[in-house]
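Reading the structure
Here is how the chains run, residue by residue.
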2 protein chains.
Amino acid sequence: MTSRKVISFENIKVACKNCSLATLCLPMGLTPDDVERLDGIIKRGRPYHRGDHLYRGGDKFHSLRVITSGSVKTYSPNEDGGEQVLGFHLPGELIGLDAIQDDNHTCSAIALETTAVCEIPFSQLESLSCIMPSLQHQMYRLLSREIGQETEMLTLLGKKSAEERLATFLLSFSERFKQRGFSASDFFLSMSRHEIGNYLGLAVETVSRLFTRFQDENLLHVERKHVQLLNIPRLYDIVQADSAKSSQSRI
Amino acid sequence: MTSRKVISFENIKVACKNCSLATLCLPMGLTPDDVERLDGIIKRGRPYHRGDHLYRGGDKFHSLRVITSGSVKTYSPNEDGGEQVLGFHLPGELIGLDAIQDDNHTCSAIALETTAVCEIPFSQLESLSCIMPSLQHQMYRLLSREIGQETEMLTLLGKKSAEERLATFLLSFSERFKQRGFSASDFFLSMSRHEIGNYLGLAVETVSRLFTRFQDENLLHVERKHVQLLNIPRLYDIVQADSAKSSQSRI
DNA sequence: AGACTTTCTTGATGCGGATCAAGTCATTTT
DNA sequence: AAAATGACTTGATCCGCATCAAGAAAGTCT
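The rules behind each value
- Residues numbered from 1 in each chain as written.
- Chains lettered and ligands numbered in written order.
- Predicted model: local features only at pLDDT ≥ 70, side-chain atom pairs only at ≥ 80, totals over all residues.
- Heavy atoms only, no water.
- Helix = DSSP H or I, 4+ residues; strand = E, 2+ residues; numbered from the N terminus.
- Contact = heavy atoms within 4.5 Å.
- Areas by Shrake-Rupley, 256 points an atom, 1.4 Å probe, with all protein chains shown as cover.
- Near = heavy atom within 4 Å.
- Polar contact = N/O pair within 3.5 Å; in protein donor to acceptor, adjacent residues only side chain to side chain.
- Nonpolar A, V, L, I, M, F, W, Y, C, P; charged D, E, K, R; others polar.
- Phe/Tyr/Trp six-rings, centres within 6.5 Å; stacked < 30°, edge-to-face > 60°.
- Buried < 20%, exposed > 50% of the residue type's maximum accessible area, 1.4 Å probe, protein only.
- Lys NZ or Arg CZ within 6 Å of the ring centre and 35° of its normal.
- Pairing = 2+ DSSP bridges.
- Axes fitted to C-alpha atoms, helices over the stretch in contact; angles between N-to-C directions.
- Parallel < 35°, antiparallel > 145°, perpendicular 65-115°, else oblique.
- pLDDT = per-residue confidence, 0-100.
- Salt bridge = Lys/Arg side-chain N within 4 Å of Asp/Glu carboxyl O.

**Thoughts on the overall build of chain A**
- What chain A contains, in helices and strands, is eight helices and eleven strands.
- Within chain A, counting contacts between residues at least 6 apart in sequence, those at least 24 apart form 72% of the total.
- Accessible surface, chain A: about 11700 Å² in total, of which carbon and sulfur atoms supply 51%.

The following block contains the structure:
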């Protein structure tokens, strides 16, 4: 808020150029000078606690946000109080892209645990991207990547079996944790079974049964939120094999 | 291809400023001068015939395309020859946004009937958007809108019944035809039942049965590709009512 | 026109996963 | 520590839609 530059531990810590997430978020591919300018418009706020909303559907849109620690669930509330979980977001991931459209958030975002974010005021980002072609390019790529990811989700929800859905889900987390320097085979899921089910288009009970089944088959060990993948190749097989089976879609 | 400017009926006909689709595609919100410049980079090719590919997954990406007449199906081919239909696109709609990501098309696009398109070389569009903030803004909005639309599809595939899916599908076409100045209640669908089913995550037989059922209930009259909606409000009820029922997703 | 192919429809059957119901375990409250 | 609450699991049952099968209608080829 204040424009005076105060040297503090926090300011140093959160500068984009020192951020370990830079390769995942916007600064990717920018020159040091560019990063400096981008850094100038980014705001760091107080952390959110479990259950706090980062924004809600209908809120005025002003900033994109990059998760820097913790995790976030985005969901689209429908009329009746129900919801569709749209995604689970880890550090380095950008959320709010869907709100550019008409300056209002169309979905909601809620912290699944203690979570810190960088806020990027969109109008400033837009101005900056006008004078920084590489930033503009990066923005286009990010928006396009988001579209590609949702496309994969469409295939998952349209064609895949419950087993495949959960395997895909687990491998997605495995890969993303690995990218971030954590174990690909031993991690904690911050969301509930219910939220997983909602995301994957399955009932809670089905998710629970699948975890049990996967454990019985020695594919993983699970105890509440703690998951250890014991046979990652086999999980990839499940994702592949069943999608080969579902040739129902040949036209 | 040739750089000589030849005055021809075609050239006149297809200028952006005279295009009836301008309010649906990129020129929306641009000044006449801006439209002129945009017009300068747009290419119009020979029309595609039914079954022709506009591009295939894996093709090098160079241009976004706006449908100007006809209709196009986009789909994501999966390993085994099956496919997930991603969308059906009408005049004024922009396709190829998913390919910006890594300079390659991730999905394929095929003409469902005789179809004309404008090609917009992306690198030129990008340069232009650097010097035309309103174009840049429009691009961000379009990309964001695409994300929002896919989000709605996720809810459809994740939570809705077969009946709701088909009603949603029909109303989507009804609205889009209306926007384009055609009848909202009497139109031809250019895709097969199989393609509709694939898109909606349903078997062909289910789609066929639902058409029959809707007809029996006097919601519509259907004869092969020709659809007449007889009770649009009731179709909206179906979309709403069932989504109120499915409160399974409350967390 | 006749043969063939493809698309669509309709009926019969079966299965995957939802729903219902109850119990277990963990966490929070008092 | 006991009670209450919420998250997860497990079992029983049910239903929506996929699948299988066959026929009808439309489009294509010769």
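So, next bit.
**A few points about the protein's contact with DNA strand D**
- Taken together, 18 residues sit near DNA strand D, with S208, R209 and T212 of chain A together with A162 and T206 of chain B positioned nearest.
- Counting only the atoms of DNA strand D that lie within 4 Å of the protein, the sugar and phosphate share comes to 65%.
- Here a phosphate oxygen of DNA strand D and a side-chain polar atom of T206 of chain B are 2.3 Å apart.
- At 2.9 Å from a base oxygen of DNA strand D is found a side-chain nitrogen or oxygen belonging to R209 of chain B.
- Within the surface near DNA strand D, the residues separate by chemical class into three nonpolar, seven polar and eight charged.

**What to know about the packing of aromatic side chains**
- In the structure shown here, the tally under the stated rule is 19 aromatic pairs over all chains.
- Between the aromatic rings of Y140 of chain A and F122 of chain B, the centroid separation amounts to 5.7 Å while the plane-to-plane angle is 70°, which identifies the pairing as edge-to-face. In this pair, Y140 of chain A is assigned in helix α4 (residues 133-159) and F122 of chain B in helix α3 (residues 122-131), connecting two distinct chains.
- Take Y140 of chain A: its relative accessible area is 1%, and that puts it in the buried class.
- The buried category is assigned to F122 of chain B, whose relative accessible area is 5%.
- Aromatic ring contacts, followed pair by pair, group F61, F122 and Y140 of chain A together with F61, F122 and Y140 of chain B into a single cluster.
- In this structure, R176 of chain A is placed above the aromatic ring of F173 of chain A, and the distance from its NZ or CZ to the ring centre is 4.8 Å.

**Some points on the sheet that holds strand β11 (residues 226-229) of chain A**
Residue and element names in this part refer to chain A.
- The strand order β9-β11-β10 describes an open sheet built from three strands, whose pairing is antiparallel. Single-partner strands in this sheet number two, and they are β9 (186-188) and β10 (220-223). Put simply, the sheet's adjacent strands are angled 15° from each other on average, direction ignored.
- For β10 and β11, the ladder comprises four bridges, and the chain directions are antiparallel. The residue of β11 that forms the bridge with V222 is V227.
- In the packing of helix α7 (residues 204-216) onto the sheet, the strands contacted are β10 and β11, and the crossing angle to β10 comes to about 135°.

**Notes on the protein's contact with DNA strand C**
- Taken together, 18 residues are adjacent to DNA strand C, and A162 and T206 of chain A together with S208, R209 and T212 of chain B come closest.
- Of all atoms in DNA strand C that approach within 4 Å of the protein, 61% are sugar or phosphate atoms.
- Between a phosphate oxygen of DNA strand C and a main-chain N or O atom of A162 of chain A, the distance comes to 2.7 Å.
- The separation between a phosphate oxygen of DNA strand C and a polar side-chain atom of S208 of chain B is 2.8 Å.
- Mapped onto the surface near DNA strand C, the elements with two or more residues apiece are α7 of chain A together with α6 (193-200) and α7 (204-216) of chain B.
- Tallying contributions element by element places α7 of chain B first for the surface near DNA strand C, with four residues.
- Within the surface near DNA strand C, the residues separate by chemical class into three nonpolar, eight polar and seven charged.

**Brief notes about the sheet that holds strand β7 (residues 108-111) of chain B**
- What the four strands build is an open sheet, ordered β2-β7-β4-β5 (chain B); its pairing is antiparallel. Taken across any chain shown, the strands that pair with only one partner, and hence form the sheet edges, are β2 (53-55) and β5 (83-89) of chain B. For this sheet, the mean inter-axis angle between neighbouring strands, taken without regard to orientation, is 30°.
- Sheet strands in contact with α4 of chain A are β4 (72-77) and β5 of chain B, and its direction is about 115° off that of β5 of chain B.
- Where α6 of chain B meets the sheet, it contacts β4 and β5 of chain B, and its direction lies at approximately 105° from that of β5 of chain B.

**Some points on unusual backbone geometry**
Residue and element names in this part refer to chain A.
- With a phi close to 65°, D103 is a non-glycine residue in the positive phi region.
- Position of D103 among the secondary structure elements: in the loop between β6 (94-95) and β7 (108-111).
- A relative accessible area of 35% places D103 in the partly exposed class.

**Looking at the packing of helix α3 (residues 122-131) of chain A against α4 of chain A**
Residues and elements named next belong to chain A.
- Running from N to C, α3 and α4 cross one another at 120°; their axes reach a closest spacing of 5 Å. Considered as vectors, α3 and α4 are oriented oblique to each other. Facing F122, L125, L128, S129 and I131 of α3, the residues of α4 in contact are P133, L135, Q136 and M139.
- Of the residues that constitute the contact of α3 with α4, the class distribution is seven nonpolar, two polar and no charged.

**Digging into the environment of Q179 of chain B**
- Mapping Q179 of chain B onto the fold places it in helix α5 (residues 162-179).
- It is 9.0 Å that separates the C-alpha atoms of Q179 of chain B and L24 of chain B, two residues lying 155 residues apart in sequence.

**Considering the confidence of the model for chain A**
All names here are of chain A.
- Of all residues in chain A, 89% attain a pLDDT of 70 or more, and the chain-wide mean is 88.
- Below a pLDDT of 50 lies the segment residues 1-12, which in the model reaches four contacts outside its immediate sequence neighbourhood of four places, other chains included.
- Overall, residues 245-251 carries pLDDT values under 50, and its contacts beyond four positions in sequence, including any with other chains, amount to 20 contacts.

**Remarks on the pattern of salt bridges**
All names here are of chain B.
- Under the criterion given, the structure shown has 18 salt bridges over all chains.
- Its salt-bridge partner being E93, residue R176 comes within 3.0 Å of it at the nearest N-O pair. One end of the pair, R176, is in helix α5; the other, E93, is in the loop between β5 and β6 (94-95), with 83 residues separating them in the sequence.
- The class of R176 is buried, set by a relative accessible area of 15%.
- In this structure, R180 engages E93 in a salt bridge whose closest nitrogen and oxygen atoms are separated by 3.2 Å. Residue R180 is located in the loop between α5 and β9 (186-188), and its partner E93 is located in the loop between β5 and β6; the two are separated by 87 residues in the primary sequence. The residues R180 and E93 share a single accessibility class, namely buried.

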